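Next come the chains, spelled out residue by residue.
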Amino acid sequence: MAARRTSAKAVSELVDSLGDRLGRELSTQSVLFHQAIAERLGLKGTDHKYLDVIRRAAEAGPVTPGDLVQLTGLTSGGVTGVLDRLETAGFVRRVKHPSDRRQLVIEPVIERYAEIGALFAPFRERWAVLCARYSLAELQLICGFFEQAIALMAEEIARMQGPAGPGGAPASAAPRAASDAPRPASDASDVKRTSAKARPRRAP
């Protein structure tokens, strides 16, 4: 019984450390890292992350400023500011909609992707070295954890952007039970697919 209590306490302490200390520190370092990338690109804050949203959405079809309001949760004025900065820096262009000339479409300037990729290259190399320290099973477990953490974060964003009220998070915001977790990847290619970033969905 004592061993069980000790184990439960150790698990609780690790969960607290993961959420409060390590999670917060990782989040902070991520913000600072992307701030440094933005400055090298001549952008502000995390504008280049919105460029990533535009790029992914554009793969499904024309992207309008209204689409970006839906995808990012920014106000119309906020989206206009981001687009102005991205266009001034040469990362997007505003063009007429192919089927509705009254609307503008936001096109990412593909030629600039290589410049962004070059800034991330050293990090990717070191990331590969870090991942090489872990077994396939461990990487599968890490990927599954990150997938559910990403989904939880997206649901919390949607909750905070929704109408304010006395209620808690929507029912869908609860983490999936262990039995509903993604199945373990069967090979290295599955691990790669599991670890891919979730793409933002176009507004209906």
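Scroll up to find the structure this text is about.
Note that this is a predicted model, so its numbers are computed, not measured. (Residues numbered from 1 in each chain as written. Predicted model: local features only at pLDDT ≥ 70, side-chain atom pairs only at ≥ 80, totals over all residues. Heavy atoms only, no water.)

> What is the right way to read the packing of helix α3 (residues 65-72) against helix α4 (residues 76-88) from this model?
In a packed pair of helices, the relevant descriptors are the angle between the two axes and the axis-to-axis distance. Close contact between α3 and α4 brings their axes to 9 Å; oriented N to C, the two are set at 110°. By the criterion of interaxial angle, the relationship of α3 to α4 is roughly perpendicular. You can see that α3 and α4 cross each other, and the crossing is right-handed. Note on element contacts: α4 touches α3 through Ser-76, Val-79 and Leu-83, opposite Pro-65, Leu-68, Val-69 and Thr-72. (Axes fitted to C-alpha atoms, helices over the stretch in contact; angles between N-to-C directions. Helix = DSSP H or I, 4+ residues; strand = E, 2+ residues; numbered from the N terminus. Parallel < 35°, antiparallel > 145°, perpendicular 65-115°, else oblique. Left-handed = near helix turned anticlockwise from the far one by under 90°. Contact = heavy atoms within 4.5 Å.)

> Would you mind going over the nonpolar core with me for this structure?
Soluble globular proteins tend to bury their nonpolar side chains together. In this structure, Ile-54, Leu-68, Leu-86 and Phe-91 are the most contacted members of the largest nonpolar core, which totals 20 residues. Breaking this core down by element, the ones donating at least two residues are α1 (2-40), α2 (47-58), α3, α4 and α5 (113-131). When neighbours within four sequence positions are excluded, Leu-86 is seen to be in contact with Leu-43, Asp-47, Leu-51, Ile-54, Phe-91 and Val-92. (Core = buried A, V, L, I, M, F, W, Y, C linked by side-chain atoms within 4.5 Å. Buried < 20%, exposed > 50% of the residue type's maximum accessible area, 1.4 Å probe, protein only.)

> Looking at this model, I keep getting lost on the pattern of salt bridges. Mind explaining?
Pairs can form between side chains of opposite charge once their charged atoms are near each other. Using the criterion set out here, one finds nine salt bridges in the structure. Here Arg-93 and Glu-107 are joined by a salt bridge, their closest N and O atoms 3.7 Å apart. Pair noted here: Arg-93 is in strand β1 (residues 92-96) and Glu-107 is in strand β2 (residues 104-108), with a separation of 14 residues, a long-range link. Judged by relative accessible area, which is 36%, Arg-93 ranks as partly exposed. Judged by its relative accessible area of 31%, Glu-107 falls in the partly exposed class. (Salt bridge = Lys/Arg side-chain N within 4 Å of Asp/Glu carboxyl O.)

> What exactly am I supposed to notice about the packing of aromatic side chains here?
Here the distance between the centres and the angle between the planes together describe a pair of aromatic rings. Tallying each qualifying case throughout the model produces four aromatic pairs. On the basis of an interplanar angle of 75° and a centroid distance of 5.7 Å, the ring pair of Phe-33 and Phe-120 is categorised as edge-to-face. A residue pair is termed long-range when its members are at least 10 positions apart, and Phe-33 in helix α1 and Phe-120 in helix α5 qualify at 87 residues. By relative accessible area, Phe-33 is classed as partly exposed at 28%. Summarising the aromatic geometry, the rings of Phe-33 and Phe-123 are spaced 5.2 Å apart at their centres and angled 40° between planes, so their arrangement reads as tilted. Of this pair, Phe-33 sits in helix α1 while Phe-123 sits in helix α5, and the two are 90 residues apart along the sequence. Phe-123 sits in the partly exposed class, given a relative accessible area of 41%. Within the aromatic cluster, the residues linked to one another by ring pairs are Phe-33, Phe-120, Phe-123 and Trp-127. Positioned over the ring face of Tyr-113 is Arg-55, at 5.9 Å from the centre of the ring. Sitting over the face of the ring of Phe-91, Arg-112 holds its NZ or CZ atom 4.0 Å from the ring centroid. (Phe/Tyr/Trp six-rings, centres within 6.5 Å; stacked < 30°, edge-to-face > 60°. Lys NZ or Arg CZ within 6 Å of the ring centre and 35° of its normal.)

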